[in-house]
Amino acid sequence: MLQELLRPNWLMECTLAELPLEALQERGIRALVLDVDRTLLPRRQTVVPAPALRWLEEAKQVFPIHLLSNNPSRQRIGSVAETLDLPYTTSAGKPRRSALRRVLAQLNLPHHQVALVGDRIFTDVMAGNRLGLFTVLVKPIDGEGQPCQRDRLQKLELRLADWMGAGLFG
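As a starting point, this report considers the structure included with it. The structure presented is a predicted model; accordingly, all values stated were derived computationally and were not measured.

Let us look at the overall build of the protein chain. On a plain count of helices and strands, the protein chain comes out with seven helices and six strands. The helix and strand sequence of the protein chain, counted from the amino end, reads α-β-α-β-α-β-α-β-α-β-α-β-α. For 170 residues, the compact-globule estimate of 2.2 N^0.38 gives 15 Å, and the protein chain sits close to it at 15 Å. Across its three principal axes, the protein chain shows a C-alpha extent of roughly 40 × 35 × 30 Å. Taking the intrachain contacts of the protein chain between residues at least 6 apart in sequence as the baseline, contacts between residues at least 24 apart amount to 66%. When the accessible surface of the protein chain is summed, it comes to about 8,500 Å², and 48% of that surface belongs to carbon and sulfur atoms. Counting 22 positive and 18 negative side-chain charges, the protein chain places the averaged centre of each group 8 Å from the other.

Next comes the structure, spelled out in C-alpha coordinates:
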(Lines give C-alpha, C1' and ligand atoms only; values in the text may rest on other atoms or scores of the structure.)
Protein backbone atom coordinates (compact mmCIF):
# COMPACT_ATOMS: atom_id res chain seq x y z
CA MET A 1 0.00 0.00 0.00
CA LEU A 2 2.68 2.53 1.00
CA GLN A 3 4.68 1.62 -2.11
CA GLU A 4 1.74 2.63 -4.32
CA LEU A 5 1.34 5.95 -2.52
CA LEU A 6 5.00 6.79 -3.24
CA ARG A 7 4.89 5.91 -6.95
CA PRO A 8 3.97 8.78 -9.30
CA ASN A 9 1.86 7.90 -12.31
CA TRP A 10 4.35 9.79 -14.43
CA LEU A 11 8.01 10.26 -13.43
CA MET A 12 9.38 13.05 -15.63
CA GLU A 13 13.04 13.77 -16.27
CA CYS A 14 12.20 17.42 -16.94
CA THR A 15 10.78 20.51 -15.28
CA LEU A 16 7.18 21.67 -15.38
CA ALA A 17 8.04 23.89 -18.38
CA GLU A 18 8.72 20.80 -20.50
CA LEU A 19 5.66 18.81 -19.42
CA PRO A 20 3.73 17.96 -22.64
CA LEU A 21 0.16 19.23 -22.35
CA GLU A 22 -1.06 17.03 -25.20
CA ALA A 23 0.11 13.91 -23.36
CA LEU A 24 -1.90 14.97 -20.30
CA GLN A 25 -4.99 15.49 -22.46
CA GLU A 26 -4.48 12.08 -24.06
CA ARG A 27 -4.52 10.56 -20.56
CA GLY A 28 -7.94 12.10 -19.92
CA ILE A 29 -6.71 14.91 -17.67
CA ARG A 30 -9.09 17.87 -17.53
CA ALA A 31 -7.60 20.02 -14.72
CA LEU A 32 -4.24 20.65 -13.05
CA VAL A 33 -3.26 21.21 -9.44
CA LEU A 34 0.27 22.62 -9.32
CA ASP A 35 2.71 22.72 -6.46
CA VAL A 36 4.40 26.14 -6.25
CA ASP A 37 7.84 26.07 -4.56
CA ARG A 38 10.46 24.37 -6.72
CA THR A 39 7.82 23.23 -9.23
CA LEU A 40 6.53 26.52 -10.63
CA LEU A 41 9.17 28.86 -9.25
CA PRO A 42 12.39 28.66 -7.25
CA ARG A 43 12.07 28.65 -3.48
CA ARG A 44 11.71 32.10 -1.87
CA GLN A 45 11.25 33.83 -5.25
CA THR A 46 8.11 35.53 -6.53
CA VAL A 47 8.90 35.75 -10.24
CA VAL A 48 8.04 32.73 -12.36
CA PRO A 49 10.95 31.97 -14.72
CA ALA A 50 10.21 32.63 -18.42
CA PRO A 51 10.05 28.95 -19.53
CA ALA A 52 7.56 28.08 -16.79
CA LEU A 53 5.53 31.22 -17.51
CA ARG A 54 5.29 30.33 -21.22
CA TRP A 55 4.18 26.80 -20.33
CA LEU A 56 1.65 28.10 -17.83
CA GLU A 57 0.09 30.54 -20.29
CA GLU A 58 -0.38 27.70 -22.76
CA ALA A 59 -1.68 25.34 -20.05
CA LYS A 60 -4.25 27.92 -18.92
CA GLN A 61 -5.80 27.78 -22.41
CA VAL A 62 -6.38 24.02 -22.00
CA PHE A 63 -6.96 23.32 -18.29
CA PRO A 64 -8.40 24.92 -15.18
CA ILE A 65 -5.40 25.30 -12.85
CA HIS A 66 -5.18 25.65 -9.07
CA LEU A 67 -1.97 26.42 -7.16
CA LEU A 68 -1.60 24.29 -4.01
CA SER A 69 1.26 25.09 -1.65
CA ASN A 70 2.39 23.92 1.75
CA ASN A 71 4.00 27.34 2.11
CA PRO A 72 2.12 29.38 4.75
CA SER A 73 2.87 32.76 3.13
CA ARG A 74 -0.45 34.03 1.77
CA GLN A 75 1.37 37.21 0.81
CA ARG A 76 4.02 35.48 -1.34
CA ILE A 77 1.91 32.69 -2.86
CA GLY A 78 -1.09 35.02 -3.22
CA SER A 79 1.05 37.58 -5.04
CA VAL A 80 2.25 34.92 -7.50
CA ALA A 81 -1.29 33.58 -7.99
CA GLU A 82 -2.70 37.08 -8.50
CA THR A 83 -0.05 37.85 -11.12
CA LEU A 84 -0.95 34.61 -12.92
CA ASP A 85 -4.71 35.11 -12.40
CA LEU A 86 -5.05 31.69 -10.75
CA PRO A 87 -6.84 30.42 -7.64
CA TYR A 88 -4.56 29.23 -4.86
CA THR A 89 -4.36 27.50 -1.51
CA THR A 90 -1.59 28.04 1.05
CA SER A 91 -0.73 25.97 4.14
CA ALA A 92 -2.09 22.89 2.34
CA GLY A 93 -0.42 20.44 4.70
CA LYS A 94 0.35 17.89 1.97
CA PRO A 95 0.30 14.88 2.18
CA ARG A 96 -2.85 15.46 4.24
CA ARG A 97 -5.96 15.47 2.09
CA SER A 98 -8.24 18.18 3.50
CA ALA A 99 -7.01 21.17 1.45
CA LEU A 100 -6.77 19.06 -1.68
CA ARG A 101 -10.33 17.81 -1.14
CA ARG A 102 -11.56 21.42 -1.07
CA VAL A 103 -9.75 22.13 -4.35
CA LEU A 104 -11.25 19.02 -5.95
CA ALA A 105 -14.74 20.07 -4.83
CA GLN A 106 -14.22 23.41 -6.61
CA LEU A 107 -13.00 21.69 -9.78
CA ASN A 108 -16.04 19.38 -9.72
CA LEU A 109 -14.35 16.64 -11.78
CA PRO A 110 -13.73 12.95 -11.13
CA HIS A 111 -10.43 12.65 -9.27
CA HIS A 112 -8.79 10.57 -12.02
CA GLN A 113 -9.28 13.51 -14.43
CA VAL A 114 -7.18 15.83 -12.26
CA ALA A 115 -3.37 15.79 -12.32
CA LEU A 116 -1.30 16.93 -9.36
CA VAL A 117 2.12 18.11 -10.58
CA GLY A 118 4.93 18.60 -8.09
CA ASP A 119 8.58 17.99 -7.28
CA ARG A 120 8.24 16.04 -4.02
CA ILE A 121 7.32 12.39 -3.48
CA PHE A 122 6.47 12.55 0.22
CA THR A 123 4.16 15.56 -0.13
CA ASP A 124 2.88 16.08 -3.69
CA VAL A 125 2.84 12.53 -5.04
CA MET A 126 1.61 11.02 -1.80
CA ALA A 127 -1.21 13.58 -1.43
CA GLY A 128 -2.39 13.08 -5.00
CA ASN A 129 -2.20 9.30 -4.82
CA ARG A 130 -4.16 9.24 -1.55
CA LEU A 131 -7.11 10.77 -3.43
CA GLY A 132 -6.74 8.94 -6.75
CA LEU A 133 -5.38 11.83 -8.80
CA PHE A 134 -2.98 11.37 -11.70
CA THR A 135 0.38 12.28 -10.15
CA VAL A 136 3.29 13.77 -12.05
CA LEU A 137 6.75 14.17 -10.50
CA VAL A 138 8.86 16.83 -12.25
CA LYS A 139 12.40 18.06 -11.64
CA PRO A 140 12.75 21.07 -9.32
CA ILE A 141 13.26 24.39 -11.09
CA ASP A 142 16.11 26.91 -10.73
CA GLY A 143 16.06 30.70 -11.24
CA GLU A 144 16.37 30.36 -15.01
CA GLY A 145 13.60 27.78 -15.23
CA GLN A 146 16.05 24.93 -15.78
CA PRO A 147 16.34 21.72 -13.72
CA CYS A 148 17.98 22.49 -10.39
CA GLN A 149 21.51 21.06 -10.56
CA ARG A 150 22.11 20.74 -6.82
CA ASP A 151 18.87 19.09 -5.85
CA ARG A 152 19.70 16.60 -3.14
CA LEU A 153 16.22 16.44 -1.63
CA GLN A 154 14.40 14.92 -4.60
CA LYS A 155 17.26 12.50 -5.24
CA LEU A 156 17.10 11.38 -1.61
CA GLU A 157 13.30 10.99 -1.76
CA LEU A 158 13.56 8.95 -4.97
CA ARG A 159 16.12 6.60 -3.43
CA LEU A 160 14.15 6.28 -0.21
CA ALA A 161 10.84 5.60 -2.01
CA ASP A 162 12.55 3.01 -4.20
CA TRP A 163 14.14 1.39 -1.13
CA MET A 164 10.66 1.27 0.45
CA GLY A 165 9.44 -0.76 -2.56
CA ALA A 166 7.96 1.86 -4.87
CA GLY A 167 9.81 0.32 -7.84
CA LEU A 168 10.83 3.62 -9.39
CA PHE A 169 13.99 2.38 -11.07
CA GLY A 170 13.05 -1.04 -12.29
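Another point: the side chain of Thr-123. Within the element layout of this structure, Thr-123 appears in helix 6 (residues 121-130). Taking relative accessible area as the criterion, Thr-123 reaches 13% and is therefore assigned buried.

With that settled, the discussion passes to helix 4 (residues 74-84). Of all the positions in helix 4, only Arg-76, Ile-77, Gly-78, Val-80, Ala-81 and Leu-84 are classed as buried. In the stretch just after helix 4, Asp-85 is the one whose phi turns positive, near 60 degrees.

Before going further, it helps to spend a moment on a positive patch on the surface. A contiguous patch of positive charge, built from Arg-150, Arg-152, Lys-155 and Arg-159, is present on the exposed surface. Following the sequence through the fold, Arg-150 ends up in the loop between strand 6 (134-137) and helix 7 (152-166).

Glancing now at helix 3 (residues 50-62). Here helix 3 is 13 residues long and its end C-alpha atoms lie 19 Å apart, about the 18 Å a rise of 1.5 Å per residue gives. Those residues of helix 3 hidden inside the fold are in contact with helix 2 (21-26), strand 2 (31-34), strand 3 (65-68) and helix 4.

What follows concerns the state of the cysteines. Tallying each qualifying case throughout the model produces zero disulfides. With no disulfide partner, Cys-148 has as its closest neighbouring cysteine sulfur the one in Cys-14, 15 Å distant. Judged by its relative accessible area of 28%, Cys-148 falls in the partly exposed class.

The rules behind each value
- Residues numbered from 1 in each chain as written.
- Predicted model: local features only at pLDDT ≥ 70, side-chain atom pairs only at ≥ 80, totals over all residues.
- Heavy atoms only, no water.
- Helix = DSSP H or I, 4+ residues; strand = E, 2+ residues; numbered from the N terminus.
- Rg over C-alpha atoms; globule rule 2.2 N^0.38 Å.
- Contact = heavy atoms within 4.5 Å.
- Areas by Shrake-Rupley, 256 points an atom, 1.4 Å probe, with all protein chains shown as cover.
- Lys, Arg positive; Asp, Glu negative; His and termini not counted.
- Charge placed at Lys NZ, Arg CZ, Asp CG, Glu CD.
- Buried < 20%, exposed > 50% of the residue type's maximum accessible area, 1.4 Å probe, protein only.
- Patch = residues over 30% accessible without salt bridge, like charges linked within 9 Å, V, L, I, M, F, W, Y side chains within 5 Å.
- Salt bridge = Lys/Arg side-chain N within 4 Å of Asp/Glu carboxyl O.
- Expected span 1.5 Å × (residues − 1).
- Disulfide = S-S within 2.5 Å.

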